[in-house]
Amino acid sequence: DHVSLAVNDYERARVFFTELLGLVPGACGGDEKNGFFWQLFSIGDLSRFELITPSGRGSFLDRFLDGKIGGVHHITFQVEDIRETARKLDFMSVPYFGFNDSYSNWKELFIHPRHAFGLLVQFAEFQPAEWLDKSQNLESGEKWEITVRENILNLAIAHPGGGMVQSQFTAE
């Protein structure tokens, strides 16, 4: 689903990724308990990227960012059922932590890097369209849309992972 980059200077990173690389801001929020702020971005038609930054002292990111300006923090895989994912990990004897199914719109668990070849892996159950900017989704949950403007036909198809793919056709 997305790659998450932890940074100390959120505003500098946001400007870099939006102004230079053209990422489109999506959902964002803070987590006071864990002391961080997050912002999702859309890239192209189907990719997503996340910036996370400490929001105060005592953030879980403090140790990770100690002595550096940023770094890849985790990679997220979307799953249909977080409980089924936990059962599969249990069956495969893969340890996990941070199981959280207390929110209706986001359920998650993690595999520690020592059990995933050096990578922190997050599995999350959610509806992707809810986390993207409205400009990245088709209106009213449609599966496809055709529009014609100035003899140009635009075909937009919703992607099940959120976002859409668009193609334009002309008479030429």
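To be clear, the structure that these remarks concern was listed above.
We now turn to the structure provided with this report. It should be emphasised that the depicted structure is a prediction, and the values quoted were computed from it without experimental measurement.

## Thoughts on the sheet that holds strand β1 (residues 2-7)
An order of β2-β3-β4-β1-β5-β8-β7-β6 is seen for the eight strands of this open sheet, with the pairing classed as mixed. One side of each edge strand has no neighbouring strand; the edge strands of this open sheet are β2 (24-31) and β6 (97-100). The mean inter-strand angle of the sheet, taken between neighbouring strand axes irrespective of direction, is 25 degrees. In terms of strand pairing, β2 meets strand β3 (residues 36-43) through six bridges, oriented antiparallel. By the bridge assignment, Gly30 is partnered in β3 with Phe37. Helix α1 (residues 10-20) contacts β1, β2, β3 and β4 (47-54) of the sheet and is inclined by roughly 165 degrees relative to β4.

## Section: the nonpolar core
If you look at the biggest cluster of nonpolar residues, it comprises 12 residues: Ala6, Ala27, Phe36, Trp38, Leu40, Ile52, Leu61, Leu65, Trp106, Ala124, Phe126 and Trp131. No other element matches β3, which puts three residues into this core. If sequence neighbours within four positions are ignored, Trp106 has contacts with His2, Asn100, Gln122, Ala124, Glu125, Phe126 and Trp131.

## Points about the sheet that holds strand β9 (residues 144-149)
If you trace the three strands from one edge of the open sheet to the other, you get β9-β10-β11, paired in antiparallel fashion. The sheet terminates laterally at β9 and β11 (164-170), the two strands that pair on one side only. On average, adjacent strands in this sheet sit at an angle of 15 degrees to one another, irrespective of strand direction. Of the strand pairs in this sheet, β9 and strand β10 (residues 152-158) are connected by six bridges, and their pairing is antiparallel. Within the sheet, the bridge partner assigned to Glu145 lies in β10 and is Ala156.

The rules behind each value
Residues numbered from 1 in each chain as written. Predicted model: local features only at pLDDT ≥ 70, side-chain atom pairs only at ≥ 80, totals over all residues. Heavy atoms only, no water. Pairing = 2+ DSSP bridges. Helix = DSSP H or I, 4+ residues; strand = E, 2+ residues; numbered from the N terminus. Axes fitted to C-alpha atoms, helices over the stretch in contact; angles between N-to-C directions. Contact = heavy atoms within 4.5 Å. Core = buried A, V, L, I, M, F, W, Y, C linked by side-chain atoms within 4.5 Å. Buried < 20%, exposed > 50% of the residue type's maximum accessible area, 1.4 Å probe, protein only.

In short, geometric facts, not functional conclusions.
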